[in-house]
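Here is how the chains run, residue by residue.
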Amino acid sequence: STSDSVVTLLDYGAGNVRSIRNALRHLGFSIKDVQTPGDILNADRLIFPGVGAFAPAMDVLNKTGMGEALCTYIENDRPFLGICLGLQLLFDSSEENGPVKGLGVIPGTVGRFDSSAGGIRVPHIGWNALQVGNASDILDDVGNRHVYFVHSYRAIPSNENKDWVSSTCHYGESFISSIRRGNVHAVQFHPEKSGGMMFYSKVGLSVLRRFLDPKSSSKQKPEEGKKASKLAKRVIACLDVRTNDKGDLVVTKGDQYDVREQSNENEVRNLGKPVDLARQYYKDGADEISFLNITGFRDFPLGDLPMIQVLRYTSENVFVPLTVGGGIRDFTDATGRYYSSLEVAAEYFRSGADKISIGSDAVYAAEEFIKSGAKTGKSSLEQISRVYGNQAVVVSIDPRRVYVNDPDDVPYKVIRVTNPGPNGEEYAWYQCTVSGGREGRPIGAYELAKAVEELGAGEILLNCIDCDGQGKGFDTDLVKLISDSVGIPVIASSGAGTPEHFSEVFETTNASAALAAGIFHRKEVPIQSVKEHLLEKSIEVRM
Ligand code: 1PR
């Protein structure tokens, strides 16, 4: 390849930059990895996708001399694009486990979102709107569209840095979503996760293309249609994946978690191939895609290479966030070799996952934490969120509704239910389960949600076994209870049957996202119809 199609990538090995690699390849560029500070100084164009936490990143930059090279490169106005932490590191300092000194290229301090101020949920996860100033150039295609953010820390615009700021975003307060000076650019959002060049919402990769090849891109006419104005409610497609009796990896779908056909053969329901369906949902406008390896609790996931293949193939051309769950825990295999949950998660991240989701193991960790009142730091949840950040860790809750006559009947949080139980019970609690709903545990969904937030979860995927596959709507009592009790985003799941079910859950609860499986797999309701309906109801969505 000629130097015109080579891009230099600064990957200091702290996390998943697979999606950025995939995006660059998709755009026809080959990647040269930085090995020495000299590689930075000699780059024609340099991309710096910061991952992980601020302090360890600065450590690496300082120890290797790459920080100094970066400063020189930027001072010389060479083509540079920082992404996420790659923007934050340019500032004077960060409060993340600090203060920690940054590269000091841009005046200002990076601080944590103040959840009390704006009544916002932290991390800031999802598709938000930009207020784009003049001369942003690489943002020319963004227009009215949403872009994808996932972070807990942000830089604030001030008099000192106003010459640098090319766009801001509003989330409780106005923060810096991009900077630009000459050939130097950086964005807080993730262009590599903000959609592709074709199909739905053509935003993300066009930001990268405009940076890589400024000459080829002409200014586009402003988009027609509704203008993005704030954080959008997300619509997520979920693929429950397992091996069927023939040994093929299939997308299946349960009926209250029972995935077998009610026929004589009793086989595992097969609704399609994971990679094909994921691509389809991406094209149809899914804001995120979740894969749940639903037999991960019994099969060791690193033995389950097909799931890792699914992630690898999917991430090659699906440019929205991918979550994977199932079987994330410490494990000793038949030969006695021990694998930590961190290794399992690392393999998932390397294969293209942006977030991992923990089910059963988070229940045990929460039970332990509630019993002892102390954090051990050893649970999979704590370890993974410490290394990869809490925005990368979802806890998936699989509760079952248990009706009671009296709120004092059980030592768990009880709510008054909208629809009384079979014997006229007016109250219920939501019992957590493990192993795909097979075993009930002595902890409620409320207690679990509060505990896992403390232990470092960045988001909650809230299922409901009673509603799963029923198509009768989300359990809004449950979703309201949990989304009112935690400060992290909550994804409502289980029971979607119509577009109205989505507007209902967003209008009556504080859910940040709604997830569905069956209606999408059976092609009963296209994702587009859900979004159009939400738009009609004046609920902000990414179009
Ligand atoms: O416990 O860490 O190994 O994780 C296992 C993961 O697999 C958990 O996230 C758990 O929710 C999931 N899981 C386990 N067994 C099943 C099953 O169905 N037998 N699926 C299962 C969970 C629920 C949702 C479903 C929604 C929406 N499925 O994923 O997609 O209920 O469905 P709908 O729109 O059709 O109603 P671990």
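Residues numbered from 1 in each chain as written. Predicted model: local features only at pLDDT ≥ 70, side-chain atom pairs only at ≥ 80, totals over all residues. Heavy atoms only, no water.

Remark: helix α1 (residues 18–26) packs on helix α7 (residues 204–212), axes separated minimally by 10 Å, with the N-to-C direction vectors making an angle of 65°. In terms of crossing hand, the pair formed by α1 and α7 is right-handed. Residues I20, A23, L24 and H26 of α1 form the contact with α7, whose participating residues are L205, L208 and L212. Classifying every residue of the contact of α1 with α7 gives six nonpolar, one polar and no charged. (Axes fitted to C-alpha atoms, helices over the stretch in contact; angles between N-to-C directions. Helix = DSSP H or I, 4+ residues; strand = E, 2+ residues; numbered from the N terminus. Left-handed = near helix turned anticlockwise from the far one by under 90°. Contact = heavy atoms within 4.5 Å. Nonpolar A, V, L, I, M, F, W, Y, C, P; charged D, E, K, R; others polar.)

Another point: the sheet that holds strand β11 (residues 153–155). With mixed pairing, the four strands of this open sheet are ordered in space as β6-β5-β7-β11. With partners counted over all chains shown, the strands left at the sheet margins are β6 (100–101) and β11, one partner each. Summarising the sheet, strand β5 (residues 91–94) and β6 pair through two bridges and their orientation is antiparallel. Counted as the bridge partner of S94 is V100 from β6. (Pairing = 2+ DSSP bridges.)

Ranked by internal contacts, the top residues of the largest apolar core, which has 156 residues, are I47, I289, F291 and F502. Viewed by domain, this core spans two of them, domain 1 (3–216) and domain 2 (234–536), each represented by three or more residues. Listed in part, the nine residues of the second largest apolar core include L292, V394, A513 and A517. (Core = buried A, V, L, I, M, F, W, Y, C linked by side-chain atoms within 4.5 Å. Buried < 20%, exposed > 50% of the residue type's maximum accessible area, 1.4 Å probe, protein only. Domains from an automatic or database assignment.)

This part is about the packing of aromatic side chains. Enumeration according to the criterion identifies 11 aromatic pairs in this entry. Geometrically, the ring pair formed by W127 and Y148 is edge-to-face, given 5.6 Å between the ring centres and 65° between the ring planes. On the criterion of sequence distance, the pair formed by W127 in strand β8 (residues 124–128) and Y148 in strand β10 (residues 147–151) is long-range, its members being 21 residues apart. Like Y148, W127 is buried. Consider the rings of Y282 and F319, whose centres lie 6.5 Å apart with planes at 80°: the pair is edge-to-face. Taken together, the residues Y282 in helix α8 (residues 274–284) and F319 in the loop between α9 (305–317) and β18 (322–325) connect sequence positions 37 residues apart. Take Y282 and F319: they sit in the same class, and that class is buried. (Phe/Tyr/Trp six-rings, centres within 6.5 Å; stacked < 30°, edge-to-face > 60°.)

All right, on to the domain arrangement of the protein then. One can read the domain layout of the protein as domain 1 (3–216) and domain 2 (234–536). On a C-alpha basis, the centroid separation for the pair domain 1 and domain 2 is 30 Å. The interface of domain 1 with domain 2 comprises 25 residues on the first partner and 38 residues on the second. In this assembly, domain 1 packs against domain 2 so that about 2,400 Å² is buried in total across both faces, 55% of it on carbon and sulfur atoms. Linking domain 1 with domain 2 are one salt bridge, by the criterion used here. Salt-bridge contacts for D354 lead to K193; the nearest nitrogen and oxygen are separated by 2.8 Å. Here domain 1 is connected to domain 2 by 10 residue pairs in polar contact (both at pLDDT 80 or more). Elements that contribute at least two residues to the side of domain 1 that touches domain 2 include exactly α1, β8 and β10. The element best represented in the side of domain 1 that touches domain 2 is α1, accounting for five residues. Split by residue class, the side of domain 1 that touches domain 2 holds 11 nonpolar, 10 polar and four charged. (Buried area = accessible area lost by both parts, 1.4 Å probe. Salt bridge = Lys/Arg side-chain N within 4 Å of Asp/Glu carboxyl O. Polar contact = N/O pair within 3.5 Å; in protein donor to acceptor, adjacent residues only side chain to side chain.)

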